[in-house]
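Okay, here's what each chain looks like letter by letter:
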Amino acid sequence: MEANKQHKSSFRDPSGFVFLEDGIVKRKMFPNYFPVYNKLSELQFYNKLFNSGLLIPHKELSASDSEIILLPEQIPFITYPYEWSFLQFKEAALLTLKLQKYCLLNEVTLKDASAFNVTFHNGKAVFIDTLSFDLYIENTPWRAYKQFIMHFLGPLVLSYYHGSQSLKLMSTFIDGIPLPMLTSMLPFKTKLSPTLYTNIHLLAKFEDKHNEDTHGGSTAYSLSKKAQLKIIENLYDYIKNLHLKEETEWSDYYSKINYSDKAFQQKALIIDTWIQKSKAKTLIDVGGNDGTFVRKLSQPIDHALVCDIDPNAIDVNYKKIKERKETFITTFVLDVLNPSAGIGFENAERESFINRARNFEPDVTLALAIIHHISLSGNVPFKRSAQFFALFSKKLIIEFPDRNDSWVQRLLTNKSDFKDHFDFYNITNFETAYLERFELIEKLKIEDSERTMFLLKRKES
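Keep in mind the model is a prediction, meaning the values are calculated, not measured.

The subject of this paragraph is the packing of aromatic side chains. In total, this model carries 37 aromatic pairs according to the counting rule given. Here the aromatic rings of Phe-77 and Phe-360 are separated by 6.1 Å at their centres, their planes lie at 85°, and the arrangement is edge-to-face. Pair noted here: Phe-77 is in the loop between strand S5 (68-72) and helix H3 (86-105) and Phe-360 is in helix H11 (residues 353-360), with a separation of 283 residues, a long-range link. The two residues Phe-77 and Phe-360 agree in class, both being buried. Here the aromatic rings of Phe-389 and Phe-392 are separated by 6.4 Å at their centres, their planes lie at 65°, and the arrangement is edge-to-face. For the residue pair Phe-389 and Phe-392, the accessibility class agrees, reading buried in each case. The positively charged end of Arg-350 is found above the aromatic ring belonging to Phe-116, 4.2 Å away from the centroid. Lying across the ring of Trp-407, Arg-410 places its NZ or CZ 5.4 Å from the centre.

Dropping the structure here:
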């Protein structure tokens with residue numbers, strides 16, 4: 001890979017940027033940030049954050065009068081806020097507040113509170129922007145406060161009232177959900193909440209008046225450290241107590257499966273055997289629900305990505321990751337029929353799912369109980385879904401439910417007058433289409449079910 005190739009997401013910060021060198025992520029720092037960096041290093045500030053797990057660790061590779069090069073701990077797969085479940089988004093918000101509180105207590109402040117400065121690594125949220133810190137000036141307000149409201153509090157409160165799909169708004173508003181939009185979408189009763197009135201509604205009014213009075217200029221005001229800490233603690237307590245009210249049929253999917261325990265166990269055994277034969281160390285489970293089949297593997301896995309369309313299923317999975325300290329699993333929300341696109345300036349600030357999956361290069365992709373949803377709910381021809389999986393899958397373990405499967409029948413019934421259009425949905429057509437892109441390694445029928453498992457290997461062009 002080209003040396004010093006600046007990452008397309010890293011151009012807004014005048015203090016430095018992230019770049020790739022031979023596939024390794026590094027960070028270049030400009031001289032204007034040296035005084036802050038040197039002071040924080042002298043105070044052992046970074047090391048304290050590393051040890052507490054709040055900031056991604058880094059090592060200094062080189063230093064000169066013109067630049068300092070840092071090597072951060074490498075993160076195999078970056079997830080974005082619009083791919084997080086409610087619990088993940090909440091944890092990222094609390095992490096940011098915890099970090100700002102720690103900063104203030106050490107005469108430092110966060111100058112940036114973007115949700116995109118957080119990702120998930122080793123089973124938990126972690127802050128990844130080393131250059132987002134500045135030295136605290138007495139009685140100076142937190143300049144990233146409004147950004148925190150737009151990036152964290154606003155989306156979480158919208159999720160509470162309108163469902164976790166509201167978090168996907170962050171893919172449209174990568175600079176945070178605008179305050180006027182937040183106030184218009186929240187019910188009137190939120191104005192009776194001291195926390196929401198002060199931090200959203202009143203802030204929006206202040207911004208409108210401020211813009212009218214100054215025509216976009218800034219008005220300085222003072223705020224003591226004690227007052228800042230009180231605001232942070234209030235926000236922390238409020239967000240910590242936020243919970244979703246919604247439920248979905250997929251959050252307890254495996255209590256409603258339509259085949260026997262024997263079939264379920266055989267399916268798990270087939271997957272485990274094929275993973276062992278493949279000697280896989282990395283995998284992605286597309287439509288993995290709560291990660292059940294990844295957890296049943298006897299083969300040690302270095303890193304597993306488990307994604308699903310249902311945010312509640314991801315919440316269930318994330319709870320298990322936290323409880324069991326499963327640092328090898330990264331989970332996130334993904335709609336296979338509409339995977340995350342490249343967005344931002346030049347559509348390149350945030351990478352598409354497909355590009356990230358390609359770079360991750362999973363040894364095996366699992367696509368279990370999903371092809372009927374892709375084909376029948378999404379009307380996607382087999383050739384197109386085969387092409388999709390071939391974009392990032394060296395090997396593919398895919399489960400095909402035949403036409404007689406009860407869930408397939410339910411989907412076909414929902415097609416009503418167009419049911420005949422889906423006569424193509426059968427195992428012969430499936431196999432023919434997929435073998436244009438993949439080689440068949442093994443094929444096994446799951447006993448006591450209408451489902452067949454395929455182990456495929458991508459054809460190299």
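For the rest of this paragraph, the subject is the sheet that holds strand S12 (residues 329-333). Here we have seven strands laid out as an open sheet, ordered S12-S11-S10-S13-S14-S16-S15, and mixed in their pairing. Edge positions in the open sheet fall to S12 and strand S15 (438-445), since each of these has one partner strand only. Each neighbouring strand pair of the sheet contributes to a mean axis angle of 15°, computed without reference to strand direction. Across the sheet, H11 touches strand S10 (282-286), strand S11 (303-308) and S12, and the angle it forms with S10 is around 150°.

Analysis parameters
- Residues numbered from 1 in each chain as written.
- Predicted model: local features only at pLDDT ≥ 70, side-chain atom pairs only at ≥ 80, totals over all residues.
- Heavy atoms only, no water.
- Phe/Tyr/Trp six-rings, centres within 6.5 Å; stacked < 30°, edge-to-face > 60°.
- Helix = DSSP H or I, 4+ residues; strand = E, 2+ residues; numbered from the N terminus.
- Buried < 20%, exposed > 50% of the residue type's maximum accessible area, 1.4 Å probe, protein only.
- Lys NZ or Arg CZ within 6 Å of the ring centre and 35° of its normal.
- Pairing = 2+ DSSP bridges.
- Axes fitted to C-alpha atoms, helices over the stretch in contact; angles between N-to-C directions.
- Contact = heavy atoms within 4.5 Å.

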